[in-house]
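# Overview (structure and organization)
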Amino acid sequence: GLQVFAQTDATNKLIDSLLSLPDDTTKIDQLNKILWQSINDSAICNSLAYKIIDIAKKINYTKGVAIAQKNLAAYYFYSGDYSKALELYQESLK
């Protein structure tokens, strides 16, 4: 209940702080760590993964793109959407 909301709120504040920083590989790596820790929170996971992918592509950080895709694949796997999980996981290997 309230504790989960407080954790989500704190996580969102941390994400917002990181997103306000200049785009670089450290920023992407930190956001990917938060993404992995938020793998069961659909509200955070989905939007954050695509933000990370967009920023990482913009700065040509292919490892950051791949990790975000792998993390998003895990989210879809745990959500039961195995075909989307497989698609994203295969994309992360390219």
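Up top is the structure.
The notes below deal with the structure included here. These numbers come from a predicted model, not from an experiment.

### Describing the packing of helix 3 (residues 42-58) against helix 4 (residues 62-79)
Where helix 3 contacts helix 4, the axes come no closer than 8 Å and their chain directions differ by 160°. Relative to helix 4, the element helix 3 is oriented roughly antiparallel. As for how helix 3 packs across helix 4, the hand of that crossing is left-handed. When helix 3 is examined against helix 4, the residues Ser42, Cys45, Asn46, Ala49, Tyr50, Ile52, Ile53, Ala56 and Lys57 are found in contact with a partner set consisting of Gly64, Val65, Ala68, Gln69, Leu72, Tyr75 and Tyr76.

### A short note on the packing of aromatic side chains
Inspection of every chain in the model, using the stated rule, returns three aromatic pairs. Geometrically, the ring pair formed by tyrosine 75 and tyrosine 76 is edge-to-face, given 5.1 Å between the ring centres and 65° between the ring planes. A centroid spacing of 5.2 Å and a plane angle of 65° characterise the contact between phenylalanine 77 and tyrosine 82, whose relative ring orientation is edge-to-face. An aromatic cluster is present here, built from Phe77, Tyr78 and Tyr82 joined pairwise through their rings. Sitting above the plane of the tryptophan 36 ring, lysine 70 keeps its charged end 5.4 Å from the centroid.

The rules behind the values
- Residues numbered from 1 in each chain as written.
- Predicted model: local features only at pLDDT ≥ 70, side-chain atom pairs only at ≥ 80, totals over all residues.
- Heavy atoms only, no water.
- Axes fitted to C-alpha atoms, helices over the stretch in contact; angles between N-to-C directions.
- Helix = DSSP H or I, 4+ residues; strand = E, 2+ residues; numbered from the N terminus.
- Parallel < 35°, antiparallel > 145°, perpendicular 65-115°, else oblique.
- Left-handed = near helix turned anticlockwise from the far one by under 90°.
- Contact = heavy atoms within 4.5 Å.
- Phe/Tyr/Trp six-rings, centres within 6.5 Å; stacked < 30°, edge-to-face > 60°.
- Lys NZ or Arg CZ within 6 Å of the ring centre and 35° of its normal.

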